Amino acid sequence: MEKLVGIGVSPGVAIGHAWIVNSEGLRVSRRSISAEAVDEEIRRLDSAIADLSDELAQNRDTIAGQLGEKYGAIFEAHRQLLQDSRLHEELVEMIAQRHHSAEYAVCVVFNRYADIFRGLKGHRLAERASDIQDLQKRLVQRLLGSSQISSEKPNGPVLVLAHNLTPSETANLDTRYVLGFVTEVGGPGGHTAIVAEALEIPAVVGTGSFLDQVSPGDLVIVDGTRGEVILAPDADTLARYQEQAERWRRRAQQLSSLRTLPAETRDGVRIFLLGNIEFPSEVDHCLREGADGIGLYRTEFLYLNAQTEPDEEDHFRVYRLLVERMEGRPVTIRTFDLGADKVLFLGRPTEEKNPFLGLRSIRLSLHNVPMFRRQLRAILRASAYGDIRVMFPLITTLTEFRQAKMILHDVMEDLTEQQIPFNKRIPVGMMVEVPAAVMLIDQFVEEADFLSIGTNDLIQYTLAVDRSNRDVVNLYNASDPAVLKFISMTVTAAQRAGKPVSLCGQMSANPLYTMLLIGLGLRHLSVPPMAISEVKKVCRSVTVAQCEEVARQSLAMESAQTVDKLLRGELKRHVADLNG
Ligand code: PEP
Ligand code: MG
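Described in the following lines is the structure provided in the data block. Note that the structure is a prediction, hence the values are computed from the model and not measured. (Residues numbered from 1 in each chain as written. Chains lettered and ligands numbered in written order. Predicted model: local features only at pLDDT ≥ 70, side-chain atom pairs only at ≥ 80, totals over all residues. Heavy atoms only, no water.)

## What about the site of ligand 1?
Operational definition: For each residue, the test is whether any non-hydrogen atom lies within 4 Å of the molecule or strand; if one does, the residue is near. Polar contact is the term for a pair of N or O atoms within 3.5 Å; when the atoms are in protein, one must be able to donate a hydrogen and the other to accept it, and sequence-neighboring residues count only if both atoms are side-chain atoms. Note on areas: Shrake-Rupley, 1.4 Å probe, and residue coverage restricted to the protein chains presented here. Elements are defined by DSSP. Helices are runs of H or I of four residues or more, strands are runs of E of two residues or more, and each kind is numbered from the N terminus.
Arg-298, Arg-334, Glu-433, Asn-456 and Arg-467 are the nearest of the 17 residues found near ligand 1. One nitrogen or oxygen atom from the side chain of Arg-334 is found 2.8 Å from an oxygen atom belonging to ligand 1. Measuring from an oxygen atom of ligand 1, one finds a backbone N or O atom of Asn-456 at 2.7 Å. For ligand 1, whose accessible area on its own is 290 Å², the fraction buried by protein is 100%. Looking at the shell around ligand 1, the elements with two or more residues in it are helix H7 (191-199), strand S11 (294-298) and helix H17 (455-463).

## Remarks on the coordination of the magnesium ion (ligand 2)
What counts here: Because water is not among the atoms used, a metal site may look incomplete, as its donors are only the N, O and S atoms within 2.8 Å, or 3.2 Å for Na, K and Ca. Relative accessible area decides the class of each residue, using a 1.4 Å probe on protein chains only: under 20% of the type maximum gives buried, over 50% gives exposed, and in between gives partly exposed.
Every protein donor of the magnesium ion (ligand 2) is accounted for by Glu-433 (OE) and Asp-457 (OD), and the metal-donor separations fall at 2.0 to 2.2 Å. Here Glu-433, found in the loop between strand S14 (428-432) and helix H15 (435-439), pairs with Asp-457, found in helix H17; they are 24 residues apart in sequence, far enough to count as distant. Across the pair, Asp-457 and Glu-433 agree in class, each one buried.

## Quick word on the side chain of Ser-554
Formally: The criterion used for residue contact is that any of the two residues' heavy atoms lie within 4.5 Å.
Position of Ser-554 among the secondary structure elements: in helix H21 (residues 544-555). In contact with Ser-554, not counting residues within four places along its chain, are Leu-484, Leu-516, Val-563, Leu-566 and Leu-567.

## Points about the packing of aromatic side chains
The cut-off we apply is this: Here a Phe, Tyr or Trp ring, Trp counted by its six-membered ring, pairs with any other such ring whose centre lies within 6.5 Å, and the pair is stacked when the planes are under 30 degrees apart, edge-to-face when over 60, and tilted otherwise. Counted as over-ring charges are cases with an Arg CZ or a Lys NZ within 6 Å of the ring centre that also lie within 35 degrees of the ring normal.
This structure, assessed with the given rule, holds eight aromatic pairs. Each ring, one from Phe-316 and one from Tyr-385, has its centre 5.9 Å from the other, and the planes form 65°; the classification is edge-to-face. Pair noted here: Phe-316 is in helix H11 (residues 312-325) and Tyr-385 is in the loop between helix H13 (369-382) and strand S13 (388-392), with a separation of 69 residues, a long-range link. Ring centres of Phe-392 and Phe-401 lie 6.3 Å apart, and the angle between their planes is 75°; on these two criteria the pair is classed as edge-to-face. Here Phe-392 and Phe-401 have matching classes, each one buried. Among the aromatic residues, ring-to-ring pairing joins Tyr-303, Phe-336, Phe-372, Phe-392, Phe-401 and Phe-444 into one connected group. Arg-381 extends its terminal NZ or CZ atom over the ring of Phe-316, reaching a point 4.0 Å from the ring centre. Residue placement shows Lys-424 over the ring face of Phe-422; its charged tip is 5.1 Å from the ring centre.

## A closer look at the packing of helix H3 (residues 85-96) against helix H4 (residues 102-119)
Angle between the axes and distance between the axes are the two parameters that describe a pair of packed helices. Rules: For every element, the axis is a line fit to its C-alpha atoms; helices are fit only across the contacting stretch, and the angle between N-to-C directions ranges from 0 to 180 degrees. Throughout this description, any angle smaller than 35 degrees is read as roughly parallel, any larger than 145 degrees as roughly antiparallel, any in the 65 to 115 degree range as roughly perpendicular, and the remainder as oblique. Take the far helix as the reference: if the near one is turned anticlockwise from it by less than a right angle, the crossing is left-handed, and if turned clockwise, right-handed.
Contact geometry for H3 and H4: axes closest at 9 Å, N-to-C directions at 135°. Classified by the angle their axes make, H3 and H4 are oblique. Pair H3 / H4 crosses with right-handed handedness. Listed contacts from H4 to Arg-86, Leu-87, Glu-90, Leu-91, Met-94 and Ile-95 of H3 are Ala-102, Tyr-104, Ala-105, Val-106, Val-108, Val-109, Phe-110, Arg-112 and Tyr-113.

## With respect to H11
Convention followed: The span expected for a helix works out to 1.5 Å for each residue beyond the first.
Across its 14 residues, H11 extends 20 Å between first and last C-alpha, which sits within 8% of the 20 Å expected from 1.5 Å per residue. Residues Glu-312, His-315, Phe-316, Val-318, Tyr-319, Leu-322 and Val-323 constitute the buried set of H11. If you check the start of H11, you find a side-chain oxygen 3.1 Å away from the backbone N of Glu-313, and it comes from Asp-311. Looking at the residues trailing H11, positive phi occurs at Glu-327, about 45°.

## Focus on unusual backbone geometry
When glycine is set aside, most residues are seen to have a negative phi, and most peptide bonds are trans. Positioned with a positive phi, His-99 is a non-glycine residue whose angle comes to about 60°. Checked against the element boundaries, His-99 lands in the loop between H3 and H4. The backbone of Glu-327 sits at a positive phi, close to 45°, despite the residue not being glycine. A residue is classified by how much of its surface remains accessible, and Glu-327, at 63% relative accessible area, is exposed.

In structure tokens form, the structure reads like this:
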């Protein structure tokens, strides 16, 4: 049994068998073969070993010629390892006696060998573990062949274990089979984390390297609430987590009794809880949870889930469906926020050194105006069917905001000329997620119909800390007083100008922050649907005066840690049973 600690990004407990996606995208399933196929499988294994041996011999000769015998000897050592008779015997035994496929046998046997070498801590032979891992990868690659690499998909319940998953890979996980996932890299605010929550599967990211310690099919526990992963759990641990999974289910059931009640503080102030969605199908969950509308639709997932760019009709169909399903409640459509970790094939340079500071979001829209216009036309057309609002992401300068609005007005003129109906007074808002925008917020708020604070990015740009990098996770903290001051400045400016303001970063989904955000003056919070009940429970347990006192104290503090401590204490005091 081995316990890993990472960052829990989507709560709940999942228990299942490992489905490994390694960094080359190879998937090795626990495939069995028939007794008749054993000879052919051994032949396949031997042929892959022979091919790889030849390649290693060639490498040995080439490198020895170019750099000297000493360097060539490295490849000779690999070759000898590959041809080790005991290793071969074990592989054959896995195939002949246990009827495993050749690639599965390679995974299990090579992992075992790597573990033995790794255990020789301090001994120079310990370094051989990575040689074995490397040979394993190359052999599996040969056995699978490129045609099988992309076609293999789980067809039963599994836990996906990967070095990394991009947001679009995550969005394409088949939740009929994928119970949860773990990635070696990744941080708390990355979009992979956000998609995990949307899919409602427990997930842990940023565990550090562990894939070489598991074999496909191994039993694994993912605790997305605590950020823990247990490999090969013993019976006691398994029983404990099964109980915890059951407790989690019961708690979700208890919270569901709040669905029909309003999010109102004890002193009668109404807080509006809206849903953040990435996929149109989530509208059902928003409705079930009694959401007051959709506060953020991340439309970039329409692009990330498609093979080609969605056309105007594709957009229109989705937006119309959403707004009709929401039956009069507001739906805020954010124009595509592509780039950075949400990479697309379209209209973007292939490599960027600092993608989060590069051609992303509204910058990409202004860089690719025809694509932007196609989306805007669809949003406007759908606005004839209900309360749709349009919002631009990552606005940094006034010029940028004015340019985006100018394009929108131009599209409006086209539609008017073509006599296509749309809401001529559609509210146009902006996301506040860059410190520069906060510094000029009084000017922005004059030109915006509403503001929505995107703390996921605001934290990253305020504290200069990559939201998806596990190595700086301790610095990525919504409680930092600098972040709180920016939120407070934005809310105050909106209040002064009489414009609506909401907060749609992940921070709003964490009940720890609910009192603080109400105290800072927010009355609209947009959260993933699965978080609505929990946040509502806090709203219904506190008074605005208590919240304002929490905000006042937090703003006067010097560090995120002291703010965290205060918030934890207040949450416990007012909503004692929230975590159990
Ligand atoms: C944010 O930055 O807080 C936000 C809501 O946008 P995204 O997470 O999609 O960047
Ligand atoms: Mg953002």
